[in-house]
Amino acid sequence: MNQLNIDGKTESLCIFGNPVAHSKSPLMHNALFEALGINAVYIPHGPTPENLAQAIEGFRALKYRGANVTIPFKTPVMELVDELSDISRFTESVNTLYWKDGIVGGTLCGTTTDPYGCIHNLEEFGVQPENTSVALLGNGGAAKAIAYTLVERNNQLTIVCRAREKGQVLAQVLNKAFKGKAPAVQVATFDEFAKVSPGIKLIINATSVGMTPKVDESPLADRDLTPGQVVCDIVYTPLKTKLLQLAESKGCKIVTGEGMLVHQGIESFRKWFPDETKDKTNDELAAIMRKGMQG
């Protein structure tokens, strides 16, 4: 466990989520503070959905240095910031709060580092998510961000969701944004996926299904998986979700969500502390974060 020295100059950062007790973000970021000699502390906050606005008011009033945002606040928090990045505006999702030009208490900005975390995680496992067939499970905030990046990399993307209408809305927006520059995005429901699955090389779960405490749930069944596929889950608690257990037993290569957490965390940390991290590589920062998560 990190030994934090709290004094009158200690800056505060946090993660907003509900539930949030499972989050490993405090371990990761506090490990970086200790290793880089930064006088700051990162703590979890779990406001109820109806109290999110008050929580952000408190964040502003207490002049927190920055924050991460997780389920179920990634979309509603958009209305509570002063400025949004282009990708957050497109995806309707925010996972990082930071102050413009580093002026704490000034213009509060929102962006998402989720897609970068997902892509870098796959690459770390030796998977190149480019020019291939990908099924993305879900159409929420994280899914939209990841979908944008996947289409940008010329993948043949199929969005898999419960309600076809919601998937079609996302597909239409993506097809309009990348018209003529990438293959058209397709849509399938979970009930239809077993028929579509054999043509898919990479499956990414961008839903919260299977996350602690509902560890016995999986967005896909055994029949939906084909041997040789790569199956990635952005859920990281538990590390090996029910989906990944099923995939492994079916002969699929699995990619856990821990690396996504680490790499999106690095992108967030660089927003909060650009000067302190400018001479550090992602590999160096990732090593420190992983050590911190081990306790």
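Treat the numbers as computed from the prediction; the structure is a model and nothing was measured.

A. Representation of the pattern of salt bridges within the structure. Taken as a whole, this structure holds 13 salt bridges when the rule is applied. Its salt-bridge partner being Glu 92, residue Lys 144 comes within 3.0 Å of it at the nearest N-O pair. Highlighted residues: Lys 144 in helix H5 (residues 141-152) and Glu 92 in the loop between helix H3 (86-91) and strand E5 (96-99), separated in sequence by 52 residues. Arg 290 is paired through a salt bridge with Glu 258; the nearest N and O atoms lie 3.4 Å apart. Of this pair, Arg 290 sits in helix H11 (residues 282-293) while Glu 258 sits in helix H9 (residues 258-272), placing them 32 residues apart in sequence. Residue class for Arg 290 comes out partly exposed when judged on its relative accessible area of 22%. Classification of Glu 258 by relative accessible area gives partly exposed; the value is 22%. Linked by salt bridges that have partners in common, Glu 123, Glu 130 and Arg 153 make up one network.

B. Structural detail: the packing of helix H1 (residues 25-36) against H11. Following both chains from N to C, one finds H1 and H11 inclined at 120°, their axes separated by 8 Å at the closest point. On the basis of their axis angle, the class for H1 and H11 is oblique. H11 is crossed by H1, and the crossing has right-handed handedness. Residue-level inspection shows Leu 27, Met 28, His 29, Ala 31, Leu 32, Ala 35 and Leu 36 of H1 in contact with H11, the latter providing Leu 285, Ile 288, Met 289, Gly 292 and Met 293. When the residues that make up the contact of H1 with H11 are grouped by side-chain class, the tally is ten nonpolar, two polar and no charged.

C. Quick look at the sheet that holds strand E9 (residues 186-189). Here six strands make up an open sheet; going across it, the order is E9-E8-E7-E10-E11-E12 and the pairing parallel. Only two strands of the sheet have a single neighbouring strand rather than two, namely E9 and strand E12 (253-255). The average angle at which neighbouring strand axes cross in this sheet is 20°, direction not considered. Bridge count for strand E11 (residues 230-233) against E12 is three bridges, and the pairing is parallel. In the strand pairing of E12, Val 230 is matched with Lys 253. Taken strand by strand, H5 contacts strand E7 (133-137), strand E8 (156-161) and strand E10 (202-205), and its axis lies near 170° from that of E7. Set on the sheet, helix H8 (residues 242-249) makes contact with E10, E11 and E12; between it and E11 the angle comes to about 165°.

D. Layout of the sheet that holds strand E3 (residues 66-69). Taken together, six strands build an open sheet; the order of strands is E2-E1-E3-E5-E6-E4 and the sheet is mixed. Every interior strand has two partners, whereas the edge strands, strand E2 (40-45) and strand E4 (83-84), have only one. For E5 and strand E6 (residues 108-111), the ladder comprises four bridges, and the chain directions are antiparallel. Within E6, the position partnered with Trp 99 by the bridge is Leu 108. Contacting strand E1 (11-16), E2 and E3, H1 crosses the sheet at an angle of about 175° to E2.

E. Main features of empty space enclosed by the protein. Applying the stated rule across the entire model yields one cavity of 30 Å³ or more. Considering the residues around the largest cavity, the lining is formed by Arg 65, Tyr 98, Trp 99, Gly 102, Val 104, Lys 271 and Trp 272. Breaking the lining of the largest cavity down by element, the ones donating at least two residues are E5 and H9. Class assignment of the residues belonging to the lining of the largest cavity gives a composition of four nonpolar, one polar and two charged.

F. Structural context of H5. With twelve residues, H5 should cover 16 Å at 1.5 Å per step; its first-to-last C-alpha distance of 17 Å lies within 8% of that length. The buried fraction of H5 is high, at ten of twelve residues. Residues Gly 141, Ala 142, Ala 143, Lys 144, Ala 145, Ile 146, Ala 147, Thr 149, Leu 150 and Val 151 constitute the buried set of H5. In the segment just after H5, Asn 154 is the residue with positive phi, at about 65°.

Rules used throughout
Residues numbered from 1 in each chain as written. Predicted model: local features only at pLDDT ≥ 70, side-chain atom pairs only at ≥ 80, totals over all residues. Heavy atoms only, no water. Salt bridge = Lys/Arg side-chain N within 4 Å of Asp/Glu carboxyl O. Helix = DSSP H or I, 4+ residues; strand = E, 2+ residues; numbered from the N terminus. Buried < 20%, exposed > 50% of the residue type's maximum accessible area, 1.4 Å probe, protein only. Axes fitted to C-alpha atoms, helices over the stretch in contact; angles between N-to-C directions. Parallel < 35°, antiparallel > 145°, perpendicular 65-115°, else oblique. Left-handed = near helix turned anticlockwise from the far one by under 90°. Contact = heavy atoms within 4.5 Å. Nonpolar A, V, L, I, M, F, W, Y, C, P; charged D, E, K, R; others polar. Pairing = 2+ DSSP bridges. 1 Å grid on protein atoms, 1.4 Å probe; cavity = no way out; pocket = protein on both sides within 12 Å on 5 of 7 lines; lining within 4 Å. Points joined across faces, edges and corners; volume = space filled by probe spheres on them. Expected span 1.5 Å × (residues − 1).

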